[in-house]
Amino acid sequence: HVVYRVLVASKISRSAVDYLKSQGFEVVEVHEPSEDELARLIKGFHAIIVRSKPRVTRRVIEAADQLKVIARAGVGLDNIDVQAAESRGIKVVNAPESVTQAVAELTVGLMLALLRKIAFSDRKMREGVWVKHEAVGTELKGKTLGLVGFGRIGRAVARICYYGFGMKIIYTDRQCNIEAGREFNAECVDLDTLLRTADIVSLHVPLTPETTHLINEEKLRLMKKTAILVNTARGAVVDTNALVKALKEGWIAGAALDVFEEEPLPKDHPLLQLDNVVLTPHIGASSVEAQDQAGIEVAKKIAELLK
Ligand code: NAD
């Protein structure tokens, strides 16, 4: 009878650690070890849990002798060499459900911050300027929301915007989920139609070769001059240089971005000079509830896989 050992290599919720212990696992907690340390530590562990750090590189994976599961308490797998893991029969799991509501709420928050000029007004007030007349905004009610990607997060945004704000929803996806769209009276259209029609274009596709620079100069030119672009997906889904041009030359009215092609965003980046832009530092998943839930979601997956 083996006692399975789980290495928790970045801080996860107490409830997730307690759950693992309740399943009879031996849990060792360390804080984001370096590659060298991790390659040394990993021996004898059956599962490892990480967040966006530490990196689980090929070297770490090859140093492991008992490893069966690599779990990311969160979504992105950028810090895990998935190929190296799979080639050794090690499963890689993550917690995509846990962050859905957090990202959806931030997305809507960004829409409001941009359209009601909340961030702009706050900035100006701190400069001692009372921008009452410059800060006339537009409402969400009755506007058309175009969702690029109608998966978990896209649908969660649709739910808030349809029920909460009375928006009209359209979406585009590799596979139209007609059934899911019905709840929001949402129509599935092609990308170009969506870009020409929507007042708010919100991106919710994963970053893949097909979605890299999906929103390029040609696509930005299809958008209405009054429309805004919201990106809480991945920075490289948008061609940032084209976006800066679009914002400066008024092809679109504004952009709200949580993700960037280069993170952290360089200090001298042109986006930082523009008033019709709202920026957050990749905090879509950063809610207390999402972090807790991410730990629990992967703990359960580990228990399932090891048993
Ligand atoms: P999901 O897999 O549930 O949904 C993605 C949808 O995109 C799917 O319906 C899929 O069919 C569609 N899609 C994939 N490729 C496409 C293409 N080429 N053209 C059109 N549609 C395509 O994923 P999700 O949970 O909704 O997350 C969406 C994305 O949000 C993630 O991939 C991630 O990049 C991003 N995200 C960001 C944060 C953040 O902190 N800002 C946090 C979590 C996730």
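The model shown is predicted, which means the values in this text are computed figures rather than measured ones.

Quick notes on the rules
- Residues numbered from 1 in each chain as written.
- Predicted model: local features only at pLDDT ≥ 70, side-chain atom pairs only at ≥ 80, totals over all residues.
- Heavy atoms only, no water.
- Pairing = 2+ DSSP bridges.
- Helix = DSSP H or I, 4+ residues; strand = E, 2+ residues; numbered from the N terminus.
- Axes fitted to C-alpha atoms, helices over the stretch in contact; angles between N-to-C directions.
- Contact = heavy atoms within 4.5 Å.
- Near = heavy atom within 4 Å.
- Polar contact = N/O pair within 3.5 Å; in protein donor to acceptor, adjacent residues only side chain to side chain.
- Areas by Shrake-Rupley, 256 points an atom, 1.4 Å probe, with all protein chains shown as cover.
- Nonpolar A, V, L, I, M, F, W, Y, C, P; charged D, E, K, R; others polar.
- Phe/Tyr/Trp six-rings, centres within 6.5 Å; stacked < 30°, edge-to-face > 60°.
- Buried < 20%, exposed > 50% of the residue type's maximum accessible area, 1.4 Å probe, protein only.
- Lys NZ or Arg CZ within 6 Å of the ring centre and 35° of its normal.
- Arc of directions from axis to C-beta.
- Salt bridge = Lys/Arg side-chain N within 4 Å of Asp/Glu carboxyl O.
- Right-handed = clockwise from strand over helix to strand, strands pointing away.

A.B. asks: I'd like a rundown of the sheet that holds strand 2 (residues 26-29), residues and numbers included.
C.D. replies: On the basis of which strands lie adjacent, the open sheet formed by 5 strands has the order 2-1-3-4-5 and parallel pairing. Edge positions in the open sheet fall to strand 2 and strand 5 (91-94), since each of these has one partner strand only. In this sheet, neighbouring strand axes are inclined to one another by 20° on average, regardless of whether the strands run parallel or antiparallel. Direction of pairing for strand 1 (residues 5-8) relative to strand 3 (residues 47-50): parallel, over a ladder of 3 bridges. Looking across to strand 3, one finds that Val-8 is bridged to Ile-49. Lying over the sheet, helix 1 (residues 14-22) contacts strand 1, strand 2 and strand 3, oriented at roughly 150° with respect to strand 2.

A.B. asks: So, the site of the ligand: which residues are in play, and what are the values?
C.D. replies: Arg-152, Ile-153, Asp-173, Thr-232 and Asp-258 are the nearest of the 22 residues found near the ligand. Contact distances for the ligand include 2.9 Å between an oxygen atom and a backbone N or O atom of Arg-152. Note that an oxygen atom of the ligand is positioned 3.3 Å from one of the side-chain N or O atoms of His-282. For the ligand, whose accessible area on its own is 870 Å², the fraction buried by protein is 85%. Here the residues of the shell around the ligand are counted per class, giving 9 nonpolar, 7 polar and 6 charged.

A.B. asks: Give a description of the packing of aromatic side chains that names residues and reports values.
C.D. replies: Counted under the stated rule, the structure contains 6 aromatic pairs. Judged by centre distance (6.0 Å) and plane angle (70°), the ring pair of Tyr-162 and Phe-184 falls under edge-to-face. In this pair, Tyr-162 is assigned in helix 7 (residues 152-165) and Phe-184 in the loop between helix 8 (178-182) and strand 8 (187-188), connecting sequence segments 22 residues apart. Residue class for Phe-184 comes out buried when judged on its relative accessible area of 1%. Three or more aromatic residues joined by ring pairs form one cluster here, namely Phe-150, Tyr-162, Tyr-163, Tyr-171 and Phe-184. Above the plane of the ring of Phe-25 lies Lys-307, whose end atom (NZ or CZ) is 5.6 Å from the centre.

A.B. asks: Talk me through helix 1; I want residue IDs and the actual numbers.
C.D. replies: Restricting attention to buried positions, one finds in helix 1 the residues Ala-16, Val-17 and Leu-20. Around the axis of helix 1, the buried residues are gathered within 100° of arc, so they sit on the same side. Positive backbone phi, at 90°, marks Gly-24, one or two positions downstream of helix 1.

A.B. asks: Hey, could you go over the sheet that holds strand 10 (residues 228-231) for me, with residue numbers and the actual values?
C.D. replies: The 7 strands are arranged 8-7-6-9-10-11-12 in an open sheet whose pairing can be described as parallel. The sheet is open, and its two borders are formed by strand 8 and strand 12 (277-279), each paired with just one other strand. In this sheet, strand 7 (residues 168-172) lies alongside strand 6 (residues 144-148) in parallel orientation, the contact comprising 5 bridges. When the sheet's bridge partners are listed, Leu-145 is paired in strand 7 with Ile-169. Along the sheet, helix 5 (residues 100-115) contacts strand 6, strand 9 (200-203), strand 10, strand 11 (254-257) and strand 12; its crossing angle with strand 10, the most-contacted strand, is approximately 145°.

A.B. asks: Quick one: what's the story with the environment of Gln-83, residue by residue and with numbers?
C.D. replies: With respect to the secondary-structure elements, Gln-83 resides in helix 4 (residues 82-87). Residue classification places Gln-83 among the exposed residues on the basis of a relative accessible area of 65%. Separated by 157 residues in the primary sequence, Gln-83 and Thr-240 place their C-alpha atoms 29 Å from one another.

A.B. asks: Outline the environment of Ala-227, supporting the account with residue identities and numerical values.
C.D. replies: For Ala-227, the location among the structural elements is in the loop between helix 10 (217-222) and strand 10. Ala-227 sits in the buried class, given a relative accessible area of 0%. In the structure, Ala-227 is positioned 27 residues away from Gly-254 in sequence and 7.1 Å away in space, judged by C-alpha atoms. If we skip the residues at most four places from it in the chain, Ala-227 touches Ala-198, Asp-199, Ile-252, Ala-253 and Gly-254.

A.B. asks: Let's hear about the pattern of salt bridges: which residues, and what values?
C.D. replies: All told, the structure shown has 15 salt bridges when counted by the stated rule. The partner of Glu-26 in a salt bridge is Arg-5, with the nearest N and O atoms 3.3 Å apart. Within this pair, whereas Glu-26 is found in strand 2, its partner Arg-5 is found in strand 1, the two being separated by 21 residues in sequence. Owing to a relative accessible area of 23%, Arg-5 belongs among the partly exposed residues under this scheme. Between Glu-217 and Arg-221 there is a salt bridge whose closest N-O contact spans 3.1 Å.

A.B. asks: Quick one: what's the story with the pairing of strand 4 (residues 69-72), residue by residue and with numbers?
C.D. replies: Burial of the side chains of strand 4 extends over both faces: Val-69 and Ala-71 are buried on one face and Ile-70 and Arg-72 on the other. Two strands pair when backbone bridges link them, and strand 3 and strand 4 are joined in this way by 4 bridges, in the parallel orientation. From the neighbouring strand, Ala-47 faces strand 4, where its bridge partner is Val-69. Considered for its hand, the β-α-β crossover made up of strand 3, helix 3 (residues 58-63) and strand 4 is right-handed. The sheet contact formed by strand 4 and strand 5 spans 4 bridges and is parallel. Along strand 5, the bridge assignment pairs Arg-72 with Asn-94. For the crossover from strand 4 across helix 4 to strand 5, the handedness is right-handed.

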